[in-house]
There are 4 protein chains.
Amino acid sequence: MQVLDDQKRLKIIAAAAELFAAQPFHKVLLSDVAEAAGVGKGTLYIYFKNKDDLYLSVLYSGFSQLLDQLRETIDQNLQDPMQNLESVIRELVRFAYQNPHMYELMRAVSWHQVAKHAEWGAKRAELRGLIESIIRQGIEGGVFDDPHPELTARFIPNLVRSVMIESSPAVDQYTLVEHILRFTRSALTAKEPKICLEK
Amino acid sequence: MQVLDDQKRLKIIAAAAELFAAQPFHKVLLSDVAEAAGVGKGTLYIYFKNKDDLYLSVLYSGFSQLLDQLRETIDQNLQDPMQNLESVIRELVRFAYQNPHMYELMRAVSWHQVAKHAEWGAKRAELRGLIESIIRQGIEGGVFDDPHPELTARFIPNLVRSVMIESSPAVDQYTLVEHILRFTRSALTAKEPKICLEK
Amino acid sequence: MQVLDDQKRLKIIAAAAELFAAQPFHKVLLSDVAEAAGVGKGTLYIYFKNKDDLYLSVLYSGFSQLLDQLRETIDQNLQDPMQNLESVIRELVRFAYQNPHMYELMRAVSWHQVAKHAEWGAKRAELRGLIESIIRQGIEGGVFDDPHPELTARFIPNLVRSVMIESSPAVDQYTLVEHILRFTRSALTAKEPKICLEK
Amino acid sequence: MQVLDDQKRLKIIAAAAELFAAQPFHKVLLSDVAEAAGVGKGTLYIYFKNKDDLYLSVLYSGFSQLLDQLRETIDQNLQDPMQNLESVIRELVRFAYQNPHMYELMRAVSWHQVAKHAEWGAKRAELRGLIESIIRQGIEGGVFDDPHPELTARFIPNLVRSVMIESSPAVDQYTLVEHILRFTRSALTAKEPKICLEK
DNA sequence: TATGAATGAGGATTCATTCAT
DNA sequence: TATGAATGAATCCTCATTCAT
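Residues numbered from 1 in each chain as written. Chains lettered and ligands numbered in written order. Predicted model: local features only at pLDDT ≥ 70, side-chain atom pairs only at ≥ 80, totals over all residues. Heavy atoms only, no water.

We now examine the overall build of chain A. Scanning chain A for helices and strands turns up 11 helices and 0 strands. In chain A, the succession of α and β elements from N to C terminus is α-α-α-α-α-α-α-α-α-α-α. Partitioning the contacts of chain A with sequence separation of at least 6, the portion at a separation of at least 24 is 71%. Put simply, chain A shows about 9,000 Å² of open surface, and 53% of that area lies on carbon and sulfur atoms. (Helix = DSSP H or I, 4+ residues; strand = E, 2+ residues; numbered from the N terminus. Contact = heavy atoms within 4.5 Å. Areas by Shrake-Rupley, 256 points an atom, 1.4 Å probe, with all protein chains shown as cover.)

Attention now moves to the pattern of salt bridges. For the structure on display, the rule yields 28 salt bridges over all chains. A salt bridge links R136(C) to E132(C); the shortest N-O distance between them is 2.7 Å. Of this pair, R136(C) and E132(C) are both found in helix α8 (residues 118-140), 4 residues apart, which corresponds to roughly one turn of the helix. You can call R136(C) partly exposed: its relative accessible area is 38%. Take E132(C): its relative accessible area is 18%, and that puts it in the buried class. We note a salt bridge from E91(D) to R94(D), for which the minimum N-O separation is 2.4 Å. Here E91(D) and its partner R94(D) are both found in helix α5 (residues 81-98), 3 residues apart, which amounts to about one turn of the helix. Counted as one network, the salt bridges with shared partners bring together E86(B), R90(B), E178(B) and R185(B). (Salt bridge = Lys/Arg side-chain N within 4 Å of Asp/Glu carboxyl O. Buried < 20%, exposed > 50% of the residue type's maximum accessible area, 1.4 Å probe, protein only.)

On to the packing of helix α1 (residues 6-22) of chain B against helix α2 (residues 30-37) of chain B. The relative placement of two packed helices comes down to the angle between their axes together with the axis-to-axis distance. Residue and element names in this part refer to chain B. At a closest axis distance of 8 Å, the pairing of α1 and α2 adopts a crossing angle of 125°. Between α1 and α2, the angle falls in the class oblique. Considering the relative orientation of α1 and α2, their crossing is right-handed. Contact residues: α1 offers K11, I12, A15, A16 and L19, while α2 offers D32, V33, A36 and A37. (Axes fitted to C-alpha atoms, helices over the stretch in contact; angles between N-to-C directions. Parallel < 35°, antiparallel > 145°, perpendicular 65-115°, else oblique. Left-handed = near helix turned anticlockwise from the far one by under 90°.)

Residue and element names in this part refer to chain D. Here D6 is to be found in helix α1 (residues 6-22). The class of D6 is partly exposed, set by a relative accessible area of 47%. Sequence spacing of D6 and Y47 is 41 residues, and the spatial spacing of their C-alpha atoms is 9.3 Å.

Our next topic: the domain arrangement of chain A. All names here are of chain A. Here the domain parsing of chain A yields domain 1 (1-48) and domain 2 (51-198). At the junction of the two partners, domain 1 supplies 14 residues and domain 2 supplies 13 residues. Carbon and sulfur atoms make up 76% of the area that domain 1 and domain 2 hide from each other, which totals about 1,300 Å². Per-residue buried area on domain 1 facing domain 2 is highest for F20, A21 and F25; these three make up 44% of the total on that side. At the boundary of domain 1 with domain 2, the tally comes to 0 salt bridges. At the boundary of domain 1 and domain 2, one finds 2 residue pairs in polar contact (both at pLDDT 80 or more). Listed by contribution, the elements that provide at least two residues to the side of domain 1 that touches domain 2 are α1 (6-22) and α2 (30-37). For the side of domain 1 that touches domain 2, the element with the highest residue contribution is α1, accounting for 8 residues. Broken down by class, the residue content of the side of domain 1 that touches domain 2 amounts to 11 nonpolar, 1 polar and 2 charged. (Domains from an automatic or database assignment. Buried area = accessible area lost by both parts, 1.4 Å probe. Polar contact = N/O pair within 3.5 Å; in protein donor to acceptor, adjacent residues only side chain to side chain. Nonpolar A, V, L, I, M, F, W, Y, C, P; charged D, E, K, R; others polar.)

Right, let's talk about the packing of helix α4 (residues 51-76) of chain A against helix α8 (residues 118-140) of chain A for a bit. Residue and element names in this part refer to chain A. In contact at an axis separation of 9 Å, α4 and α8 are set at 25° when each is read in the N-to-C sense. As far as their axial angle goes, α8 and α4 are roughly parallel. Judged by the sense of rotation from one axis to the other, the crossing of α4 with α8 is left-handed. For the pair formed by α4 and α8, the contact residues are L56, L59, Y60, F63, S64, L67, L70, R71 and I74 on the first element and E119, W120, K123, R124, E126, L127, L130 and I134 on the second. Considering only residue class, the contact of α4 with α8 consists of 11 nonpolar, 1 polar and 5 charged.

And the structure:
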């Protein structure tokens with residue numbers, strides 16, 4: 001199970017990602033994955049423990065990528081929470097449009113499965129933590145107001161999801177970013193919305 | 001395939017809902033469903049075309065129930081958009097807490113499947129339409145401001161979802177409602193958040 | 001199991017005959033038979049013990065009919081063996097054209113099954129016996145010459161079968177009768193074919 | 001579905017032939033076939049598309065064997081039609097006695113099925129064609145007289161069949177050959193049987 | 001390491017048969 | 001007698017997994 005050829009491992013993950021995104025787990029045949037990846041069926045078992053492991057690895061890989069990109073972006077923004085929030089949202093949407101499969105994929109993760117693949121759960125928590133810490137920074141800095149940052153941190157990636165998951169209306173990337181930004185900003189910054197409106 | 005005994009049909013759907021919510025699709029055995037429903041295996045095939053159809057029917061049934069409850073609530077509120085929005089959110093959360101299965105269930109719906117079960121997609125669109133029309137009413141009445149009600153309509157049910165889908169933090173129902181309300185209200189009413197903040 | 005309504009019994013047999021002739025035994029569903037006969041599925045079990053019994057009854061019925069017609073024809077010819085042989089062949093072909101199903105049906109009788117339905121085997125033997133006795137009469141009368149009438153008696157119905165079983169060439173009834181007659185007559189009467197040819 | 005190991009394929013066909021001959025199609029379990037062939041159940045599906053395909057393949061294989069043997073025999077006889085006819089009949093009977101299953105097997109072939117397995121129908125036509133061409137040669141050479149060789153070609157294999165299909169009388173191979181030869185020869189050579197007899 | 005033929009446990013589905021009405 | 005909804009035993013077939021090469 002030692003990974004010797006990372007190139008091949010990635011080829012398999014890429015092929016599997018596409019297939020898992022297009023069909024429910026039980027309709028994806030490992031023979032199809034092998035063929036799509038251009039390897040033998042047996043080879044899959046050299047790189048992955050079993051079908052479940054392959055599936056979770058696909059997700060894990062995608063998620064890791066997303067997290068790496070997010071962290072990179074945020075690091076450049078130093079400590080401006082609002083700008084960080086914007087960057088995160090922009091990056092989430094960008095990633096969603098670049099990897100249309102991923103959201104469809106995550107759809108099917110059951111927590112039943114994740115239990116067996118602890119690293120995966122960790123990554124997911126990491127994303128939440130990252131967003132949550134940005135919000136907390138904003139709160140500390142007096143820029144944001146939010147009684148439950150741990151909930152809001154869950155909301156944000158799901159706003160992207162809401163749109164990606166259903167193919168129908170084909171919102172363009174720019175509009176989606178703007179709308180989510182508008183939605184989120186107002187929720188986090190409007191300290192006294194009622195007063196504001198009354199004016 | 002004619003529906004013969006609606007009582008029995010519901011008994012099967014209820015049993016299946018529980019099982020499908022607890023395990024991924026391919027781990028749910030029809031023999032288990034039959035046993036749980038207290039009917040013979042063959043009986044399932046009198047009421048449902050096959051396993052896929054049963055699964056989608058479970059979802060459809062849950063969704064219909066939710067929609068019925070939503071509509072009932074809204075009818076009582078007459079034409080106050082803000083109150084309607086609140087009711088919808090309250091009802092969505094209430095339903096989520098009452099049917100913890102449903103969200104776990106919908107997790108696994110792929111749009112690939114839904115295509116074959118057109119009614120299902122229709123129900124889903126109906127929910128979106130219901131929320132969207134409330135927002136539009138609010139906009140017309142000058143209470144809300146939202147450049148993309150069709151996107152916001154997708155956001156709202158997903159805010160509930162974001163929390164329900166992950167079992168960990170066990171937010172209480174009341175807190176969740178309040179947070180979503182806060183989030184949504186500010187997003188829909190803050191006409192000029194930037195000005196507001198600058199003041 | 002007492003037969004009360006012979007009309008209904010015949011309706012079932014007729015419907016079953018058509019279906020059994022068109023498809024192999026295991027592809028014929030009793031629900032189809034019931035529907036084709038215009039009765040309920042349960043009704044089949046009032047008139048027949050089970051699927052096998054229905055199948056054999058269909059055959060038995062067809063065979064009985066054929067035998068009755070043959071015997072009727074022969075009785076009228078009194079004791080002329082050649083004329084009787086001709087009549088039998090003519091009648092066999094006529095029956096085959098009138099009941100195109102029957103030959104296709106008999107195709108599928110396994111002797112395994114017949115063992116359980118003794119009457120059926122008896123009918124079949126009766127047909128052979130009838131033809132054999134005509135040949136023996138001819139031999140006794142010096143008209144025929146045949147060292148193995150019991151074999152020839154098996155040949156004759158199979159000559160009809162050879163053509164009926166394959167739908168392709170669509171031989172007309174008249175030609176078929178003439179050819180079988182020619183074939184059989186020469187085989188039974190040509191006492192010294194070699195001499196005949198040398199002449 | 002590529003044929004991987006012809007040895008194994010033949011082993012399966014042989015095992016299946018025996019079982020299909022002994023019981024009607026629907027009583028033969030693929031698990032039994034697998035066990036009899038000494039392979040796993042899944043292996044059957046590597047070599048054959050499904051149960052129907054296996055069944056038809058068994059027939060096809062038997063028929064091909066018969067045809068090969070017939071052609072071999074005929075080639076050795078050069079152009080003597082009478083001798084060829086005798087050889088064919090002798091070979092047909094020999095094959096029938098050597099492969100008592102085959103006739104029982106073919107019993108159950110419906111033309112409905114054959115349509116899906118075109119090669120099979122072709123083989124069957126080939127046998128007819130082979131016999132027909134022998135008769136036509138004889139007619140051209142003035143040895144035979146037959147107004148419908150295409151019908152006679154269908155008669156001949158069925159003469160063998162008539163006896164093989166019913167287990168009861170146990171005619172010995174020699175007697176059967178002689179009787180069929182007698183029957184066929186006289187039918188094909190008796191130019192004017194009536195004149196001949198009158199003499 | 002890489003393969004893909006072989007495997008067989010597992011599960012969806014069918015359909016003859018029953019039986020309450 | 002007539003029915004057809006309900007049944008579950010029976011069986012085909014799938015497909016993840018193994019392992020000899």
